[in-house]
Amino acid sequence: MNQFFSALLCTSLLCIANLLPATVYAAAPISFEILAERTHKPTLFTQGLLVDGDHFYESSGLYNQSLLVTYPIAEPAGTWAKISALFTKKQPVPARYFAEGLALLGDKLYLLTWQEQTLLIYDKTTLNYQKSLSYKGEGWGLTTDGKQLIRSDGSDTLYFHTADDFTVTKTLKITDEGKAVAQLNELEFVEGFIWANVWHQDRILKIDPATGKVLGEMDLSGVKQKLQLNNSEQVLNGIAWDEKRNAFWITGKNWPKMFLLRIRP
């Protein structure tokens, strides 16, 4: 356990809680605890978030403002140093694109665009642009199972694509006790399951990638209440699996903080 994580864990023990969702949806509640928190640049309109080694990679949306950035998980000690810390690398996205979901496969970062039907591919190390691929429909969230890329488009359907030419190989309808679940957004694939947040809802769903059935859900409303948010578009929209810590980092659009959550057995 490094010094950063140890300090965060110690300061966050008072925040650990067994946050269970109200029984509004059919999916079984998934209990979790808050292990730690860190600052998050509130200027980032978070669209995609992932962890690779000791760094975050994040895509930020909006026309004329979209970015691809990377920065360390560990933070400097001082408050001002945390707030003013620079990105390790930053790559502006051309103004005509609205950046969306982000996935890492091999040494390439795959970045969706919202309505431009274009997948942008970047080098992981340098963040330099490499090439583009086209697809039909909208781009919202993106993840990978290690072989294929999995895309959401805001509907109740997930799309499985090849990484080399982004051909659709499979579509998957997502259901909760037989009812379609739409507005699927940010995605993360962890240990054989797809995790997805629902746009404008404070919940993350655990999905069976074979059947599309929702197996459970995390209610993040208690976590969101820790923040003083004043804009209805500051929604939950960042899920990154931290393999080293065996936990999820979560954040949202223009959120000032990120939280490290561990699923309770």
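Here's what I pulled together on the structure shown here.

Basis of the calculations
Residues numbered from 1 in each chain as written. Predicted model: local features only at pLDDT ≥ 70, side-chain atom pairs only at ≥ 80, totals over all residues. Heavy atoms only, no water. Helix = DSSP H or I, 4+ residues; strand = E, 2+ residues; numbered from the N terminus. Rg over C-alpha atoms; globule rule 2.2 N^0.38 Å. Buried < 20%, exposed > 50% of the residue type's maximum accessible area, 1.4 Å probe, protein only. Contact = heavy atoms within 4.5 Å. Lys, Arg positive; Asp, Glu negative; His and termini not counted. Charge placed at Lys NZ, Arg CZ, Asp CG, Glu CD. Pairing = 2+ DSSP bridges. Axes fitted to C-alpha atoms, helices over the stretch in contact; angles between N-to-C directions. Core = buried A, V, L, I, M, F, W, Y, C linked by side-chain atoms within 4.5 Å.

## Focus on the overall build of the protein chain
In step 1: Along the backbone of the protein chain there are three helices and 22 strands.
In step 2: Compactness check: the protein chain gives a C-alpha radius of gyration of 17 Å against a globular reference of 18 Å for 265 residues, within 12% of the reference.
In step 3: Dimensions of the protein chain, computed from the C-alpha atoms along their principal axes, are close to 45 × 45 × 35 Å.
In step 4: The burial tally for the protein chain puts 51% of its 265 residues in the buried class.
In step 5: Sequence separation of at least 24 residues holds for 51% of the intrachain contacts in the protein chain that already meet a minimum separation of 6.
In step 6: Charge-centre separation for the protein chain: the mean point of 26 positive side chains lies 3 Å from the mean point of 28 negative side chains.

## What about the sheet that holds strand E21 (residues 247–252)?
In step 1: Taking strand neighbours across the sheet as the criterion, the four strands line up as E1-E22-E21-E20 in an open arrangement whose pairing is antiparallel. The outermost strands of the open sheet, each flanked by one partner alone, are strand E1 (32–39) and strand E20 (236–242). This sheet shows a mean twist of 25 degrees between the axes of neighbouring strands, independent of strand direction.
In step 2: Examined bridge by bridge, E21 and strand E22 (residues 257–263) share three bridges and lie antiparallel to one another. Counted as the bridge partner of Phe 248 is Leu 261 from E22.

## Some words on the nonpolar core
In step 1: In this structure, Ile 204, Met 218, Leu 220, Ile 250, Phe 259 and Leu 261 are the most contacted members of the largest nonpolar core, which totals 18 residues.
In step 2: Listing elements by their share of this core, those giving two or more residues are E1, E20, E21 and E22.
In step 3: The element that contributes the greatest number of residues to this core is E20, accounting for three residues.
In step 4: Contacts of Leu 220, omitting those with residues within four sequence positions, involve Phe 32, Asp 202, Arg 203, Ile 204, Leu 236, Ile 250 and Leu 261.

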